[in-house]
Amino acid sequence: MTFCSYTFQVNCSYQRPSIPSKVQDVKVSISSALNPLSRDLVHFPIVAADIPKAIKETSFKLLDAFVDLVFEFVDQPLLPSQSNFAPVEEIGEAVLVTTVEGKIPDDFPEGVYIRNGSNPLFGGLKSTKSIFGKSSHVWIEGEGMLHALYFTKEKGRGTWNIFYNNKHVRTDTFKMEKDGKKPGFLPAIEGDSPAILVAYILNGLRFGMENKYLSNTNIFEHSKKYYSIAENHMPQEIDISSLETLGNWNIDGAWDRPFTSHPKKAPGTGELVIMGIYPRKPYFELGVISADGKKMVHKVDLKFNRCSLCHEIGVTQKYNVIMDFPLTIDINRLFMGDSLIKYDKDGYARIGVMPRYGDANSVKWFEVQPCCVLHLVNCFEDNDEVVVRACRASESVLPRQQSFKGSKEISSAENNNEYSDEPFFVHVCEWRLNMRTGEVKEKNATTEFSMEFPMINEKFVGLRNKFGYLQVVDLEASSISEGLAKYGGLAKLHFQEYEELVEVEYHMFPKGTFCSGATFVPKTQGTDEDDGWVVTFTHNETTNVSQVYVVDAKSFATQPVAIITLSSRVPYGFHGAFMPL
């Protein structure tokens, strides 16, 4: 899930750069260039349109030479416990999968189970060393790769054919670096503040953007078209059969800013509700796309006074639900030696409820306890209340996951509404927001395990639902891998009215096996909300074998109905989806 690579636009006078003969001269030159930027952070591109082409090309070559002289790209080594975070090569063409333990159910739908994830070019993540310090790419910044498992039945025989394929998402910057045959963009998220700031400026001067487009977080469908997305850029349309990238989707030119990784279809209308955050005004804009995907029917600036790192938007039948929490992006902090992305324990947190086509003045805001929320389970209306269920931690793990300690269980009933002492422990939380009185009721609905990456039966998005499914964090394994999260099982939550804690069923994997990209696959003719399966990519770190588990959602704690063994390793990734054919 990519949260932090946004395009900053800077206004400064353009001068033809030269390459100083001494490294100290380089340092002085860049330091001098930084002074006006601290006063006037506005718009890239820096290079004016009327500069002759020959001068531009020469300048770009000199800038590239300057980067080659001053910055050294180095590989980030992986620990043995991090081996399945390493990238893989494209396999080229879809391959037949022949090893299936158990049986694919007869009523399993034909379709594509597909998962997005970080798969860095050039062998893995890079850091740079320079006179300005060190800066590093973090795992959420790897280029997107789609991993797809195709389920089709032979006509007249009813037997299953299963194929696997993978392919990078060809964003504009992917093609740029691939053609150059070497890393181009300097890391600009984590590291020493001077190094990050200089990386922003040099990336902007060379490429017109401060960081590359990733498209590595999620994949979604709208109006029978399929899109790959990370929220630092607009979506890329994907041919679901070949995994080829077809181009950027800007809704016929109506959307020119970052696009949430988790758009939501409005119940009843099928319209797509989106939002985009940006580290300069307007910080937060919301849009509604027509059900046919051809036009933007509503777009509004919500007048935020900060850039909250909001990863997901919620919907109900009548409302949009907006999360404004104290995890923020602020480039001005870099000038003070502070972090680009920062969680403010003392900052305010609020949830907004807005009519579908409302504006900033129509949002009803509810103050809540400060915390970090990246993913929503679901939102729905219950008489006068809007109910919001989400994954909540008391602090943020971004930009790099910091710490995982032992699982904590809150045993006394009076403490069920309190946070665990572990700041990165993620509970499922429920807020009940009373639209008539303004009252807020909030509680932790789970306490036993840290869990994330929620999913539900998508037919119930925005409606009251009974069940939620999540990936269970293996805290010990995640700690050993220095904070790169590993998920050792699945959880099924049974939401019941008036119960303080929800009932939870678990489907745990064998020791050393971890999952990513789990999603719910509904039965085509299902009648109950949990008629269907949870499917997920898994990897056994002992045998180095990747598989796909198919778990019956109604018999959740029993053995999987099928385990599909793949011939290729599938690295851990982010969100998955099932697309019926």
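Residues numbered from 1 in each chain as written. Predicted model: local features only at pLDDT ≥ 70, side-chain atom pairs only at ≥ 80, totals over all residues. Heavy atoms only, no water.

1. So, the overall build of the protein
Link 1 in the chain: Within the protein, the secondary structure is distributed over five helices and 36 strands.
Link 2 in the chain: Out of the 581 residues belonging to the protein, those deemed buried represent 59%.
Link 3 in the chain: Long-range pairs, those at least 24 residues apart, make up 66% of the contacts in the protein between residues at least 6 apart in sequence.
Link 4 in the chain: For the protein, the exposed surface amounts to about 23600 Å²; the carbon and sulfur share of it is 48%. (Helix = DSSP H or I, 4+ residues; strand = E, 2+ residues; numbered from the N terminus. Buried < 20%, exposed > 50% of the residue type's maximum accessible area, 1.4 Å probe, protein only. Contact = heavy atoms within 4.5 Å. Areas by Shrake-Rupley, 256 points an atom, 1.4 Å probe, with all protein chains shown as cover.)

2. Things to note about the sheet that holds strand β16 (residues 284-289)
Link 1 in the chain: The four strands are arranged β14-β15-β16-β17 in an open sheet whose pairing can be described as antiparallel. Each edge of the sheet is formed by a strand with only one pairing partner; in this case those strands are β14 (264-265) and β17 (296-301).
Link 2 in the chain: Across six bridges, the pairing between strand β15 (residues 272-277) and β16 is antiparallel. Within β16, the position partnered with I274 by the bridge is G287. (Pairing = 2+ DSSP bridges.)

3. Observations regarding the sheet that holds strand β1 (residues 72-75)
Link 1 in the chain: Reading across from one edge, β1-β5-β6-β9 is the order of the four strands in this open sheet, with antiparallel pairing throughout. At either margin of the open sheet sits one strand with a lone partner, and together these are β1 and β9 (190-191).
Link 2 in the chain: For β1 and strand β5 (residues 126-130), the ladder comprises four bridges, and the chain directions are antiparallel. When the bridges of β5 are listed, D75 appears paired with K126.
Link 3 in the chain: Its contacts with the sheet put helix α4 (residues 193-207) on β6 (133-136) and β9, and the angle it makes with β6 is roughly 65 degrees. (Axes fitted to C-alpha atoms, helices over the stretch in contact; angles between N-to-C directions.)

4. Brief notes about the UniProt feature "binding site: Fe cation" (unreviewed entry) in the protein
Link 1 in the chain: The sites that UniProt annotates as "binding site: Fe cation" (unreviewed entry) are H262, H311, H375 and H575. Considering the C-alpha atoms alone, the annotated residues occupy 314 residues of sequence yet fold into one spot, their largest mutual distance being 12.8 Å.
Link 2 in the chain: As for its placement among the helices and strands, H262 is situated in the loop between β13 (245-248) and β14.
Link 3 in the chain: Apart from residues no more than four positions distant in its own chain, H262 is found in contact with N218, H311, E312, I313, H375 and H575.
Link 4 in the chain: Mapping H575 onto the fold places it in the loop between β35 (562-565) and β36 (576-580).
Link 5 in the chain: What makes H575 buried here is its relative accessible area of 8%. (UniProt positions renumbered as here; feature names shortened; annotations may be inferred.)

5. Examining the nonpolar core
Within soluble globular proteins, side chains that are nonpolar generally end up buried alongside one another.
Link 1 in the chain: Grouped together as the largest cluster of nonpolar side chains are 111 residues, with contacts concentrated most on L202, F284, M323, F325, I351, V388 and W431.
Link 2 in the chain: Counting residues per element, this core draws most heavily on α4, which supplies nine residues.
Link 3 in the chain: Those residues in contact with M323 that sit more than four places away from it in its chain are C310, E312, R350, I351, V373, L376, V388 and W431.
Link 4 in the chain: With 20 residues, the next largest nonpolar core counts V97, I162, W533 and V570 among its residues. (Core = buried A, V, L, I, M, F, W, Y, C linked by side-chain atoms within 4.5 Å.)

6. Structural notes on the side chain of T446
Link 1 in the chain: Mapped onto the secondary structure, T446 falls in the loop between β27 (440-444) and β28 (451-455).
Link 2 in the chain: In this structure T446 comes out as buried when scored by relative accessible area, which is 4%.
Link 3 in the chain: Side-chain polar atoms of T446 contact the backbone nitrogen of V428, separated by 2.9 Å.
Link 4 in the chain: Those residues in contact with T446 that sit more than four places away from it in its chain are H427, V428, M451, L493, L501, V502 and V504. (Polar contact = N/O pair within 3.5 Å; in protein donor to acceptor, adjacent residues only side chain to side chain.)

7. Quick look at the pattern of salt bridges
Link 1 in the chain: In this structure the tally under the stated criterion is 29 salt bridges.
Link 2 in the chain: The closest approach of N and O atoms between D338 and K342, which form a salt bridge, is 2.8 Å.
Link 3 in the chain: A residue is classified by how much of its surface remains accessible, and K342, at 35% relative accessible area, is partly exposed.
Link 4 in the chain: One salt-bridge network, held together by shared partners, links D382, E385, R389, E430, R432 and R464. (Salt bridge = Lys/Arg side-chain N within 4 Å of Asp/Glu carboxyl O.)

8. Some words on the pairing of strand β33 (residues 532-540)
Link 1 in the chain: Judged by how many residues are buried, β33 sits mostly within the fold: nine of nine residues are covered.
Link 2 in the chain: Burial along β33 is two-sided: the face carrying G532, V534, T536, T538 and N540 and the face carrying W533, V535, F537 and H539 are both buried.
Link 3 in the chain: Relative to β33, strand β32 (residues 513-522) runs antiparallel, the two being bridged by eight bridges. The residue bridging S516 from the neighbouring strand is F537, located in β33.
Link 4 in the chain: Relative to strand β34 (residues 545-552), β33 runs antiparallel, the two sharing eight bridges. Following the sheet pairing, W533 is matched in β34 by D552.
Link 5 in the chain: Between β33 and β34, which pair antiparallel one after the other, the connecting turn spans four residues, and N544 there sits at a positive phi close to 60 degrees.

9. A closer look at helix α3 (residues 172-180)
Count 3.6 residues to each turn of an α-helix, and residues three or four apart come out pointing the same way.
Link 1 in the chain: Listed in full, the buried residues belonging to α3 are T173, F174 and E177. Taken around the axis of α3, the buried residues stretch over an arc of 105 degrees, which confines them to a single face.
Link 2 in the chain: Where α3 terminates, the next one or two residues include K181, which has phi positive at roughly 60 degrees. (Arc of directions from axis to C-beta.)

10. Concerning unusual backbone geometry
Link 1 in the chain: Here the bond from K281 into P282 is cis, since omega is -5 degrees, no more than 30 degrees from zero.
Link 2 in the chain: For P282, the location among the structural elements is in the loop between β15 and β16.
Link 3 in the chain: One non-glycine residue, S223, adopts positive backbone phi at about 55 degrees.
Link 4 in the chain: The topology assignment puts S223 in the loop between β10 (218-222) and β11 (225-229).
Link 5 in the chain: We classify S223 as partly exposed; its relative accessible area is 31%.

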